[in-house]
Amino acid sequence: MTGLDVVFVLVALFTAGAAVLTVTSKNLVHAALSLAATLAGTAGVFLVLHADFLALVQLVVNVGAVAVLFLFGLMLTRAPIGREALDSQNRGLGLAVAGGLFVLLSGLIIAAFGTTTVEQVTGASIEVIGIAIFADWVLPFELLSMLLLAALIGAIMLARRETGESGEEAMVTRIDVGDTPTTEGGVRAELENTTPAGQLGAGGDR
Amino acid sequence: MNSALVSPANHAVAQSASVMDVGDGFLLPVLLKIAFVLGLFFVVPLVGGYMEHKVMGRMQHRRGPVEAGPFGSLQLVADGIKFIQKEDTIPRAADKWVFAAAPGVALVPAMLIFLVLPFGPGVFAVDLELGLLYALAITSVSVLGVLMGGWASANKFSLFGGLRAGAQLIAYELPLIIVAITVAVQAGTLSLVGIVEAQSTFMLAGTDINLWYVFPQFVGFGIFFVAAMAELSRPPFDMPIGDSELVFGYMTEYSGIKFAMFLLTEYGGMITMSALMVVLYLGGWQLLPGVPLPGCDGAGGLFDCGFLGTVLGVAVTMGKILALVFVMVWARVAYPRLREDQLQRISWLVLVPLSLLNLAVVTVFKVVF
């Protein structure tokens, strides 16, 4: 066992421990924080395997952006402040999905690379990675970014949906932030007319 | 400086030698580097803090910070002693572990950036091939600490402060990264030392007038400066701790040494952001564009400077850094706080499009000339 192995085992243990905490934690924010630790641990694994670029991208994208947005969304919507707990009671389903994915992925990886041995781990330079992405694999790369863009637009459409379960509330909010409400016919116009003026003005000064 | 640095024009292979690399042993250089980075981290931000005290004291006609001790130097010591002897309070409803860990999560990334910052010819701990990406990636982790602190305090003011900080840091990270990448495109390398090197050989197209990147990319420099101030939540971008509405935002419940750690994060951030600007736009340790340090004979007069040249190089870099810190303090005193909607608007509707345009223009010029 070399020093590298020791470090790898330590980082892997940290990552696995954080992952277990992510799914067992009863507190939603604790789970999200453990997820951030897991993602950072994955970056550590990449670093030990000499994939410096991948590790840093993992850090900036998954820890710095995804995990932060996750926490941000949680705090903005439903995170109880302090020590209260929130649990969706979905353990069984989650276990089944995660187990199935694990079997599938590990089977694929073992089938593809199971017999390959690597003598010396060396990282590719950033130049090689750049040329590989933007010359050889540019089509899949662009397709992926289109996929992300589609997801982004979809999320915005969902968030801006005008009629929802809480249609009336949404309308009042719209007036609060200063949008000019439409005066054309339909249910919304009726709602508008029936909403007392004092209620519309409430909260307008925030 | 004995390990001769042969750095040819193609800086893709440049792995420069540092003064820290003494001998062939493993332990001694590593210990030296740790001591170097820790020393930098605990000394340089204090200089920034001292400067802020004095400059703000002068500009706002508050004499205290200027008068305490010789040249006002004891004000900071008094602050330090005050922070240490304060009671370390934790609110009863707070999530104790997250609350206690938050200042550390904010502080450690701010400390780790010092690993790659070059402060002079050969004066850096490591010259990573991905130095710039490393600095940006590490910076983005600091937000976690702020969000953790805001949530764990179990206080609505703290929570709102954390939320505002999260929204602000995400919004301003984007233009910051885009303009930094633009410099990397122009220099053709991500190594911070490599970028300084590339600036020493960057010529105005068709002439032999040496230029720093601040001249062709003054828009990028401006965006970087504004985004850096916003990333650090410095006034006028201090909505997350807006004291007129949120008490002190995510730091409201913190006291004593934990509060001091958040403050140290901010001062450390001021120094690292300024140092990044010096490296990316202001030619690192060059005296003037095209004027190398005296006594240097490495690539473009950037390395192998001998003792005097090295000391002078560090002095030049620190001078530039402190000049930028001064401007940040000046902006704090001169401008009122932005409103939250103005703040988001500036980033998404002005800075992001401008930085994308800047990237496009620089890329076209790089290919054409």
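What you are looking at is a predicted structure, and each value in this text was computed from that prediction instead of being measured.

Details of the overall build of chain B
Each helix and strand in chain B was counted, giving twelve helices and zero strands. Counting from the amino terminus, helix and strand elements in chain B follow one another as α-α-α-α-α-α-α-α-α-α-α-α. Taking all 369 residues of chain B together, 51% fall into the buried category. For chain B, the share of sequence-separated contacts (at least 6 apart) that also reach a separation of at least 24 residues comes to 75%.

Comments concerning the overall build of chain A
Across its full length, chain A carries nine helices and zero strands. Along chain A, helices (α) and strands (β) appear in the sequence α-α-α-α-α-α-α-α-α when read from the amino end. Looking at the 206 residues of chain A, the share that counts as buried comes to 16%. Intrachain contacts of chain A at a sequence separation of at least 6 include 53% that bridge at least 24 residues.

Notes on helix α4 (residues 91-113) of chain A
Relative to the 33 Å expected for 23 residues at 1.5 Å per residue, α4 of chain A spans 32 Å between its end C-alpha atoms, a close match to the ideal helical length. The element α4 of chain A is barely covered by neighbouring structure, given that only zero of its 23 residues are classed as buried.

Points about helix α12 (residues 340-368) of chain B
Residue and element names in this part refer to chain B. Between the first and last C-alpha of α12 there are 41 Å, a value that for 29 residues agrees with the 42 Å anticipated at 1.5 Å per step. Of all the bends in α12, the greatest reaches close to 30° and is centred on L351; the proline P353 follows between one and four positions later. When α12 is considered as a whole, its buried residues turn out to be L343, S347, L351, S355, N358 and V362. Next to the buried residues of α12 lie α6 (156-187) and α8 (218-231).

Let's talk about the environment of V368 of chain B
Along the chain, V368 of chain B turns up in helix α12. Residue class for V368 of chain B comes out exposed when judged on the 7 C-beta atoms lying within 10 Å of it.

Considering the interface of chain B and chain A
In this complex, chain B contributes 26 residues to the contact, which on the side of chain A involves 25 residues. Among the elements of the structure, α5 (131-152) and α6 of chain B are those that each provide at least two residues to the side of chain B that touches chain A. Across the side of chain B that touches chain A, the residue classes tally to 21 nonpolar, three polar and two charged.

A word on the packing of α6 of chain B against α12 of chain B
All names here are of chain B. Running from amino to carboxyl end, α6 crosses α12 at an angle of 10°, the nearest separation of the two axes being 9 Å. Between α6 and α12, the crossing angle belongs to the class labelled roughly parallel. Residues belonging to the contact of α6 with α12 are distributed by class as follows: 16 nonpolar, eight polar and three charged.

Let's talk about the nonpolar core
Side chains of a nonpolar character, in soluble globular proteins, are inclined to be buried together. Membership of the largest hydrophobic core comes to 123 residues, with the highest contact counts inside it found for A36 and A67 of chain A together with A180 of chain B. Look past the residues within four positions of A180 of chain B in its chain and what remains in contact with it is L132, L136, F224 and L280 of chain B.

Let's talk about unusual backbone geometry
One non-glycine residue, H50 of chain A, adopts positive backbone phi at about 65°. Counting through the fold element by element, H50 of chain A comes out in the loop between α2 (28-48) and α3 (52-77). Owing to 14 C-beta atoms within 10 Å, H50 of chain A belongs among the partly exposed residues under this scheme. With a phi angle near 50°, S233 of chain B is a residue other than glycine that sits in the positive phi range. Of note, S233 of chain B is situated in the loop between α8 and α9 (243-246). Judged by local crowding, S233 of chain B falls into the buried class, with 23 C-beta atoms found within 10 Å.

Remarks on the confidence of the model for chain B
Residue and element names in this part refer to chain B. For chain B, the average pLDDT comes to 79, and 88% of its residues sit at 70 or higher. Across chain B, element-level confidence peaks in α8 with a mean pLDDT of 89 and bottoms out in helix α2 (residues 64-67) with 72. In this model, residues 1-15 is a region of pLDDT below 50 whose contacts with residues beyond four sequence positions or in other chains number 32 contacts. Model confidence for the complex is summarised by a pTM of 0.78, with the ipTM given as 0.76.

Some words on the packing of α3 of chain A against α6 of chain B
Two numbers describe how α3 of chain A lies on α6 of chain B: the axes approach to 10 Å, and their chain directions differ by 145°. Once α3 of chain A is placed against α6 of chain B, the crossing between them reads as left-handed. On α6 of chain B, the residues touching V68, L69, F72, M75 and L76 of chain A of α3 of chain A are L159, G162, L163, G166, A167 and I170 of chain B. The residue makeup of the contact of α3 of chain A with α6 of chain B, split by class, is nine nonpolar, two polar and no charged.

Focus: the environment of A227 of chain B
Within the fold, A227 of chain B resides in helix α8. C-alpha separation for the pair A227 of chain B and S347 of chain B, spaced 120 residues apart in sequence, amounts to 8.1 Å.

Re the environment of L54 of chain A
Residue and element names in this part refer to chain A. Residue position: L54 is located in helix α3. For L54, a count of 18 C-beta atoms within 10 Å gives the class partly exposed. Note: C-alpha distance between L54 and T42 (twelve residues apart in sequence) is 10.0 Å.

Some remarks on the confidence of the model for chain A
For residues with low pLDDT, the predicted coordinates do not support detailed interpretation. Residue and element names in this part refer to chain A. Mean pLDDT over chain A stands at 75; residues scoring 70 or higher make up 71%. Across residues 166-179 the pLDDT falls below 50, and counting only partners more than four positions away or on other chains, this stretch makes 14 contacts in the model. Below pLDDT 50 for its whole length, residues 195-206 participates in seven contacts with residues either more than four positions away or in separate chains.

Reading the values: the criteria
- Residues numbered from 1 in each chain as written.
- Chains lettered and ligands numbered in written order.
- Predicted model: local features only at pLDDT ≥ 70, side-chain atom pairs only at ≥ 80, totals over all residues.
- Helix = DSSP H or I, 4+ residues; strand = E, 2+ residues; numbered from the N terminus.
- Buried ≥ 20, exposed ≤ 12 C-beta atoms within 10 Å, placed from the backbone.
- Contact = placed C-beta atoms within 7 Å.
- Expected span 1.5 Å × (residues − 1).
- Bend = angle between axes of the 7 residues up to and from the residue.
- Nonpolar A, V, L, I, M, F, W, Y, C, P; charged D, E, K, R; others polar.
- Axes fitted to C-alpha atoms, helices over the stretch in contact; angles between N-to-C directions.
- Parallel < 35°, antiparallel > 145°, perpendicular 65-115°, else oblique.
- Core = buried A, V, L, I, M, F, W, Y, C linked by C-beta atoms within 7 Å.
- pLDDT = per-residue confidence, 0-100.
- Left-handed = near helix turned anticlockwise from the far one by under 90°.

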